[in-house]
Amino acid sequence: MEGAPGLHPSNCEVTMTATSPAELSQPPTDEEPVILDVRNLWKVFGPRADRVAGTPLAELSRSELKERTGCVAAVRDASFAVRRGEVFVVMGLSGSGKSTLVRCLTRLVEPTAGEVLLDGQDIRLAGGKELRELRRRRFAMVFQHFGLLPHRRVLDNISYGLEIRGTGKDARGRRATEMLDLVGLTGYGDSYPDQLSGGMQQRVGLARALAVDPEVLFFDEPFSALDPLIRRDMQNEVIRLHREVGKTMIFITHDLSEALKLGDRILVMRDGLIVQTGTPDEVVGAPADDYVREFVRDVSRAQVLTLRWIMRPPGDGDALDGPELGPDVVIKDAVHTVLRADRPVRVTADGELLGVVGSAEILEVIAG
Amino acid sequence: MSVSRMVGPRAVVLVAAAGLLASACGGAKVGESPSGAGSAAPAAKSCGALNLAINPWVGYEANAAVIAYVAEKRLGCQVTKKDLKEEVAWQGFATGEVDAVVENWGHADLKKKYIDDQKVALSLGPTGNKGVIGWYVPPWMAQKYPDITQWKNLDKYADLFKTSESGGKGQLLDGDPSFVTNDAALVKNLDLNYKVVYAGSEAALITGFRQAEAQKKPMIGYFYEPQWFLSEVKLVKVDLPAYTEGCDADAAKVACDYPPYELDKVVSKKFADAAGPAYQLVKNFTWTNDDQNLVAKYISEDKMSAADAAEKWVEANPDKVKAWLPAS
Amino acid sequence: MTATVVARRPVWSRPYLLGGILAAWILLWILFRGQATLPLGGAELTPLHERIGQAADAIDNSRNSNPLFLYFINYIRLFIDEFVTFVQALISRPSFGRPVPVIGWLGVVAVATAVALLYGNVRVALLTAAGFVSFGLLGLWEESMDTLALTLAAVLLSLAIGVPLGIWAGLSNRFNRLVGPVLDFMQTMPTFVYLAPLTLFFLIGPASATVATMVYAIPPAIRITAHAIREVPEATVEAGTSLGSTPWQLLRKVRLPLAKRTIVVGVNQTIMAALSMVTIAALIDAPGLGKTVLKALETLDVGTSFNAGLAIVIMAIVLDRATSAAGRRVETAHRAGRARGRLWRRVQVSVVLAVTAVLLYLSYVYVWAAEFPKEADIGSFVRKGADAASEWAQANLYVSTNGFKNLVTYGLLNPFEAVLTGSPWWLVLLVVTVTALVLATVRVAVVCAVCLALLVALGLWQDSMVTLASTLVATVLVMALGIVVGVWMGRDERADRVIRPVLDAGQTMPAFVYLVPILGLFGATRFTAILAAVVYAAPVATKLVADGIRGVAAGAVEAATAAGSSAWQTISKVQVPMARSAVTLAASQGLCYVLAMVVVGGLVGAGALGYDVVSGFSQLQLRGKGLAAGLAIVVLGTMLAAITKSAARRADAAAHGRP
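Named according to an unreviewed UniProt entry, chain C is ABC transporter permease subunit originating from Sphaerisporangium corydalis. Comment text from UniProt for chain C, heading Sequence similarities (unreviewed entry), reads "Belongs to the binding-protein-dependent transport system permease family."

As recorded by an unreviewed UniProt entry, chain B carries the name ABC transporter substrate-binding protein and is attributed to Sphaerisporangium corydalis.

Right, dumping it as structure tokens:
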């Protein structure tokens, strides 16, 4: 069932209920605790990169900066917070800085300025050894080009993370086999990566990341090198795994439909700047600027937006005894009910009437 | 060896089988057979070691072969031959790795450095061979153009010697790089219509003369004797203005023939001070150009090994050899 | 900024500009011909040369007092001497009170074959066995083993130094930038220049020979290892890092395993480089086949030198094929071991080891297995055959070869040399710098100008120009041959199989072997030197072109064929243009190899820098000049490398559709 496009992962409802468009990029405080808090993060490449952040140079556009200093600002003043258990998607076109951003979070790329707080502790202050410990136990990453070791068998690839942190041979063998089963590669443990298809290789990458039982999983465009059908399978796999293991996931993609499908919240980047942060329906329903609007133009709004986005206050002439639906019901799922009813559908939450939706509103959305 | 433990039985069978095979076709064992290359030198008396430099030409090798043969067979020395170019051989005097150089062509610069300045070597007098350096033509030319052997007539024939290398002038093929030549200065100072072309190696010079004689091609070039090649092709020397003492003092103004060389022997100071039998042998050694040419011919044309060539000559000349041996 | 301006200039204007430069050059040449050409006679020295000679003397004289020698170099020498002597005791020299080496011929053949079998495959093992037996059959067993001992020692030491340094260079950009020019220097500085000084430092004997070999053999080890480390996919390294690998774990578990195959190529190249030094090291008493070759040269004994040269070629081919097979095996061995069951592999290994052990024992105990039987001798036939062939060629081919020589010399070499040597030095400097500006970048132009100025400063301007002319003509011939044969090989698998061993032979046969026959055919001329360089350099260029042609995407060739192209059209419009970067690489490598033969050229009539180096090696008072000439060759190499590198970048860019 998860395969149906537009269907939200089950836990979306939890996250979305209390979030109103007004609260867009505020770190939520009343929900799950924030696990990763990013504040004013900069990454500048080029000569004397550290002179940019916090100076007037920071106000320049990317191309002006490049012309003036020869520096390229890949990430500019990024701030956002990720909550425990959340699937947080970073979306943007190539060159928008999203891959750099995610690498800054694990310091695969060293940030130029700003803070990255993991449970309140700034990982930028971690020394080499602390950082390695973080990577060994709390983070894991899945890569676009898999990054598997061709000279090792699948099982040895999966257990690599355990091996380097000193887990015994038997223990890591057991764990790797479990992970192999978890990602659906049972029986392929003795194969070599190049004997597997791209999708299977990425499953190995996924298993390798999961094997170390990390708190946060980073995905760097993991499926963009795969065929569309396999990509859909893998997306569903991620949804399933998320449901089963409940890890916090930070997911990079340039594919809007993937972002909408997987993300509890989506961060849109352009030229190193964060353009918008919000739930999928916020991004589609209330694009922050023309750039995002252009981006989401072809999205089928009926499949993303909920009734909350099209309901109107009950007018004088509205009969208020129509069928009742919640505000977070996706429009597509409400079409049937609304069109069949001869009265406007009432949108209610906790018995309180929020607004009404009639055929006119529904048809407007469907007609685009 | 966990590997062989696994298939132990197999390996054992194999080893056994091979062992059988071995004993079946057995044959002589190393060390027990008289033919087993066990021809160690006769018990060294008090001769000790002789480190002989071998410079890369056959005439030198002839000297060295005979000295080495006598030293080993008659005196029981331990002779080590080291194949070295001259400069490196002389360096060996300084580092203590070379005891003797047994045919030295002049080399005033090396003598100054190692004999006069560093005082690590000394000359042990002539080998009896006379060295001649000069310009030579192949025999067919000397026959066909008898007056070509006078330098004054060279310009007349310059056109014959034109080649692709000489830029419209006659080509004077020069240059074994081991020898200091005055040829460029000579050509200039004698006002000859020739250009010096550097052949670059003895092999190039010899091949040139060999082809010139075989195909009756004109050629004139720098050469020297004694040299084994002269017994194959009897090159004819061109007379340059006669050498007089000191006429070659200023290299840039030289306009006379090369001086005759008294080829000599040079040994290291250390070796001389020890004054062992080998030192006496080297000191006494002297023979004629004909002697050397003969041994050189054995080596170069008859393709004998140096030791065989030396043996043949020594057997045929017991008196000469006797004169070299230390009086004891 | 000018660089980008030049680069943006429309392509079509470049030929006009070059034509203009050439015309201006000829015009100015006519005007200023013969002025400021800075000639220097064969025995003449400049004050700089004298100073260099004196400096070298000063170093000589401090040998016994300088602590560097007393405490450092002496110990290195002792170590290397012991090491080589030990290997010799094992396989080539009577040792430990025995009249024969510890391991006799049968044992050596067995061990070599076993190694080839276990690390390579059956075919290579057969080749190895045949190759090693042939050393005995050629009558050169002991000499071959000496060469092998020296080569192995030099290669092991080179790898022990080169691989760690290569890893460092692979990991650190800064070190890589630092070490690059040093390696260039080591590879282009003619061996003759440092051969004599080496014996002062390391004395006459195995140590000097080994060090001389190492100087030449270490650069490929470092370069290729660094390249191997660098080409490990960044994604894989990043994945390793993201899981918290320490730098050491990254190196050991990620980088090295992935780089292994390329590192084996480095080992292969190191062996080849070491073998190519065998004959030259014989000049300082290095034992082995090289000595046989040089000795034979004294009496122009073509047969004997060919016989020994053949043994060197066989050794090179065996070692090359064996290491290449081992390189391919590196990837598959691991898998085969698991896939086909460990047991089977262990059985194989045990059997091979057991048989080898038995043969080793036999060769230790029995004379027949220790000394190669003298009756089995094909060496004398090889010698006679080579002699006869050489004599026949010298006697019968002379007329036609002479015509060819004259054609190249008068048609190409002489005019070119006349313009280069006849122009005032400032004119050449100006022309080259402007040309570099047009063709390449400001940086390259500056490098060229500095290099040419250095040649003036070294006092060897005219000799350098003569050498440059011959070098360029040789490179043109190398490329003409390389493209024709390379395209043929690239298109025809069977031709490749037949020609490749011939190319290997051309590359590894010591030049001294074929110098005598070609001297007989062409005399002591610059053309002979050019020919020797072509024999040595064309194989490399040809192989690179062939590989490039084969690397052209099958799809493109298929599309061309489908469009109805003739074979010629396919070659000229698809394959060669698409293999353009391989062709450029072939040209730059060909140039390197031609430069490496400058000194050999000096031995056969090229004169100029090559002769300066050789006479500097032979005559004490010319030592400073020889050293300066060596430097001049390095300078020429640097300049030409800068130009070809920039051309290669351009070709690469063009191949990828960028202007």
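Caption draft 1: Structural view of the pattern of salt bridges. What the rule picks out here adds up to 62 salt bridges over all chains. Between Asp 83 of chain B and Lys 291 of chain C there is a salt bridge, with the nearest N and O atoms lying 3.0 Å from each other. Linking Asp 83 of chain B in strand E2 (residues 78-83) with Lys 291 of chain C in helix H14 (residues 289-298), this pair reaches from one chain into another. In this structure, Lys 303 of chain B and Asp 387 of chain C form a salt bridge, with 3.7 Å as the shortest nitrogen-oxygen distance. On the criterion of chain membership, the pair formed by Lys 303 of chain B in the loop between helix H11 (289-300) and helix H12 (306-316) and Asp 387 of chain C in helix H18 (residues 379-396) is interchain, its members lying in two chains. Residue classification places Lys 303 of chain B among the partly exposed positions, given a relative accessible area of 46%.

Caption draft 2: Inspection of the environment of Gly 403 of chain C at higher detail. The topology assignment puts Gly 403 of chain C in helix H19 (residues 398-422). Considering only alpha carbons, one finds Gly 403 of chain C and Phe 522 of chain C, 119 residues apart in sequence, at a separation of 9.7 Å.

Caption draft 3: Structural context of the sheet that holds strand E12 (residues 345-349) of chain A. All names here are of chain A. Judged by pairing direction, the sheet is mixed, and its three strands sit side by side in the order E11-E12-E13 without closing on themselves. This sheet does not close on itself; its edge strands, each paired only once, are strand E11 (324-325) and strand E13 (352-357). By the bridge criterion, five bridges tie E12 to E13 in an arrangement that is antiparallel. Bridging across to E13, Val 347 finds its partner in Gly 355.

Caption draft 4: Broad picture of the state of the cysteines. What the rule picks out here adds up to one disulfide over all chains. Between the sulfur of Cys 247 of chain B and that of Cys 256 of chain B lies a disulfide, 1.9 Å long from S to S. Its S-S torsion of approximately 85° makes the covalent link between Cys 247 of chain B and Cys 256 of chain B right-handed. For Cys 256 of chain B, a relative accessible area of 5% gives the class buried. Among the cysteines around Cys 71 of chain A, which has no disulfide bond, Cys 104 of chain A carries the closest sulfur, lying 15 Å off.

Caption draft 5: Molecular detail of the sheet that holds strand E1 (residues 34-45) of chain A. All names here are of chain A. Here we have four strands laid out as an open sheet, ordered E2-E1-E4-E5, and antiparallel in their pairing. Because the sheet does not close on itself, it has two edges, and the strands there are strand E2 (72-83) and strand E5 (121-122). This element, helix H3 (residues 98-106), spans E1, E2 and strand E4 (113-118) of the sheet and lies at about 120° to E1.

Caption draft 6: Seen up close, the UniProt feature "domain: ABC transmembrane type-1" (unreviewed entry) in chain C. Residues and elements named next belong to chain C. Mapped onto the present numbering, the UniProt feature "domain: ABC transmembrane type-1" (unreviewed entry) falls on residues 144-323 and 464-644. With 87% helix and 0% strand, residues 144-323 has end C-alpha atoms that lie 19 Å from one another. With 88% helix and 0% strand, residues 464-644 has its two end C-alpha atoms placed 19 Å apart.

Caption draft 7: Structural detail: the interface of chain C and chain A. If you look at the interface, chain C gives 20 residues, while chain A gives 24 residues. We note a salt bridge from Glu 238 of chain C to Arg 103 of chain A, for which the minimum N-O separation is 2.3 Å. At the boundary of chain C with chain A, the tally comes to seven residue pairs in polar contact (both at pLDDT 80 or more). Of the residues forming the side of chain C that touches chain A, the biggest block, seven residues, is contributed by helix H11 (residues 234-242) of chain C. Class assignment for the residues of the side of chain C that touches chain A results in seven nonpolar, nine polar and four charged.

Caption draft 8: View of the side chain of Thr 127 of chain B. All names here are of chain B. Structurally, Thr 127 can be placed in strand E4 (residues 121-137). Of the residues examined, Thr 127 reaches a relative accessible area of 0% and is grouped as buried. Within the structure, the side chain of Thr 127 is placed 3.1 Å from the backbone nitrogen of Asn 129, a separation counted as a polar contact. Setting aside its immediate chain neighbours within four residues, Thr 127 contacts Asn 63, Val 102, Glu 103, Leu 263, Asp 264, Lys 265, Phe 285, Thr 286 and Trp 287.

Caption draft 9: Here's a closer look at a nonpolar patch on the surface. All names here are of chain C. A cluster of nonpolar side chains, contributed by Leu 437, Val 442, Val 446, Val 450 and Leu 454, occupies part of the molecular surface with about 360 Å² of accessible area. Considering every element that reaches the nonpolar patch, the biggest residue donor is helix H21 (residues 442-457), with four residues. Residue placement: Leu 437 occurs in helix H20 (residues 425-439).

Caption draft 10: Structural view of the interface of chain B and chain C. Opposite the 72 residues of chain B that make contact, chain C presents 75 residues. The junction of chain B with chain C conceals about 5,900 Å² of combined surface from both sides, 60% of it contributed by carbon and sulfur atoms. Seen at the junction of chain B and chain C, the total is seven salt bridges. For the pair chain B and chain C, the interface holds eleven residue pairs in polar contact (both at pLDDT 80 or more). The residue inventory of the side of chain B that touches chain C, partitioned by class, reads 33 nonpolar, 22 polar and 17 charged.

Caption draft 11: How the structure looks around the packing of helix H10 (residues 206-230) of chain C against helix H12 (residues 247-276) of chain C. Residues and elements named next belong to chain C. Two numbers describe how H10 lies on H12: the axes approach to 8 Å, and their chain directions differ by 160°. Classified by the angle their axes make, H10 and H12 are roughly antiparallel. For H10 against H12, the interelement crossing comes out right-handed. Across from Thr 213, Tyr 216, Ala 217, Pro 220, Ala 221, Ile 224, Thr 225, His 227, Ala 228 and Ile 229 in H10, the residues of H12 making contact are Arg 255, Leu 256, Ala 259, Thr 262, Ile 263, Val 265, Gly 266, Gln 269, Thr 270, Ala 273, Ala 274 and Ser 276. Of the residues belonging to the contact of H10 with H12, the class tally is 13 nonpolar, eight polar and one charged.

Caption draft 12: Inspection of the domain arrangement of chain C at higher detail. Residues and elements named next belong to chain C. Taken domain by domain, chain C comprises domain 1 (61-388) and domain 2 (397-655). The straight-line distance from the C-alpha centre of domain 1 to that of domain 2 is 28 Å. Each partner contributes to the interface: domain 1 provides 27 residues, whereas domain 2 provides 20 residues. Here domain 1 meets domain 2 over a buried area of about 2,300 Å², counting both sides, of which 82% is carbon and sulfur.

Caption draft 13: Quick peek at the arrangement of the chains. For the two pairs of chains in contact, the largest share of contacts goes to chains B and C. The two units chain A and chain B never meet; even their closest C-alpha atoms stay 21 Å apart.

Caption draft 14: A look at the packing of aromatic side chains. Applying the stated criterion across every chain, the model contains 33 aromatic pairs over all chains. Residues Tyr 291 of chain A and Phe 295 of chain A carry aromatic rings whose centres are separated by 5.6 Å and whose planes lie at 70° to one another, so their mutual orientation is edge-to-face. Remark: Phe 295 of chain A and Tyr 291 of chain A occur in helix H12 (residues 290-296); sequence separation between them is four residues, near one turn of the helix. We classify Tyr 291 of chain A as buried; its relative accessible area is 15%. A ring pair is formed by Trp 313 of chain B and Trp 324 of chain B, whose centres lie 5.9 Å apart and whose planes are at 10°; its orientation type is stacked.

Caption draft 15: Seen up close, the packing of helix H14 (residues 331-340) of chain A against helix H15 (residues 359-367) of chain A. All names here are of chain A. For the pair H14 and H15, the least separation of the axes is 10 Å and the interaxial angle reads 140°. Our classification of the angle between H14 and H15 gives oblique. Considering only the axes of H14 and H15, their crossing is left-handed. Contact residues: Ile 331, Val 335, Val 338 and Leu 339 in H14; Ser 359, Ile 362, Leu 363, Val 365 and Ile 366 in H15. Taken together, the residues of the contact of H14 with H15 sort by class into eight nonpolar, one polar and no charged.

Caption draft 16: Representation of the nonpolar core within the structure. The biggest cluster of nonpolar side chains holds 364 residues, and the ones touching the most others in it are Val 66 and Trp 135 of chain B together with Phe 132 of chain C. With 14 residues, the top contributor of residues to this core is helix H25 (residues 526-551) of chain C. Excluding residues within four positions of it along the chain, Phe 132 of chain C makes contact with Val 108, Val 109, Ala 112, Trp 141, Met 145, Leu 148 and Val 318 of chain C. Counting 33 residues, the second largest nonpolar core, distinct from the first, contains Ala 74, Val 82, Ile 252 and Leu 267 of chain A.

Caption draft 17: Geometry of the confidence of the model for chain C. All names here are of chain C. Summarising the model, chain C shows a mean pLDDT of 84, and 95% of its residues fall at 70 or more. Predicted confidence in chain C is weakest over helix H1 (residues 2-8), with a mean pLDDT of 43, and strongest over helix H7 (residues 141-171), with 92. Under the prediction, the complex receives an ipTM of 0.78, its pTM being 0.81.

Caption draft 18: Looking closely at the domain arrangement of chain B. All names here are of chain B. Splitting chain B by domain gives domain 1 (19-130 + 264-324) and domain 2 (132-253). Its C-alpha centre places domain 1 at a distance of 33 Å from the equivalent point of domain 2. Across the contact, 13 residues belong to domain 1 and twelve residues belong to domain 2. Joining domain 1 to domain 2, the criterion identifies one residue pair in polar contact (both at pLDDT 80 or more). If you tally residues by element for the side of domain 1 that touches domain 2, the top one is H11, at five residues. Of the residues in the side of domain 1 that touches domain 2, the class split is four nonpolar, five polar and four charged.

About the cut-offs
Residues numbered from 1 in each chain as written. Chains lettered and ligands numbered in written order. Predicted model: local features only at pLDDT ≥ 70, side-chain atom pairs only at ≥ 80, totals over all residues. Heavy atoms only, no water. UniProt positions renumbered as here; feature names shortened; annotations may be inferred. Salt bridge = Lys/Arg side-chain N within 4 Å of Asp/Glu carboxyl O. Helix = DSSP H or I, 4+ residues; strand = E, 2+ residues; numbered from the N terminus. Buried < 20%, exposed > 50% of the residue type's maximum accessible area, 1.4 Å probe, protein only. Pairing = 2+ DSSP bridges. Disulfide = S-S within 2.5 Å. Contact = heavy atoms within 4.5 Å. Axes fitted to C-alpha atoms, helices over the stretch in contact; angles between N-to-C directions. Polar contact = N/O pair within 3.5 Å; in protein donor to acceptor, adjacent residues only side chain to side chain. Nonpolar A, V, L, I, M, F, W, Y, C, P; charged D, E, K, R; others polar. Patch = residues over 30% accessible without salt bridge, like charges linked within 9 Å, V, L, I, M, F, W, Y side chains within 5 Å. Areas by Shrake-Rupley, 256 points an atom, 1.4 Å probe, with all protein chains shown as cover. Buried area = accessible area lost by both parts, 1.4 Å probe. Parallel < 35°, antiparallel > 145°, perpendicular 65-115°, else oblique. Left-handed = near helix turned anticlockwise from the far one by under 90°. Domains from an automatic or database assignment. Phe/Tyr/Trp six-rings, centres within 6.5 Å; stacked < 30°, edge-to-face > 60°. Core = buried A, V, L, I, M, F, W, Y, C linked by side-chain atoms within 4.5 Å. pLDDT = per-residue confidence, 0-100.

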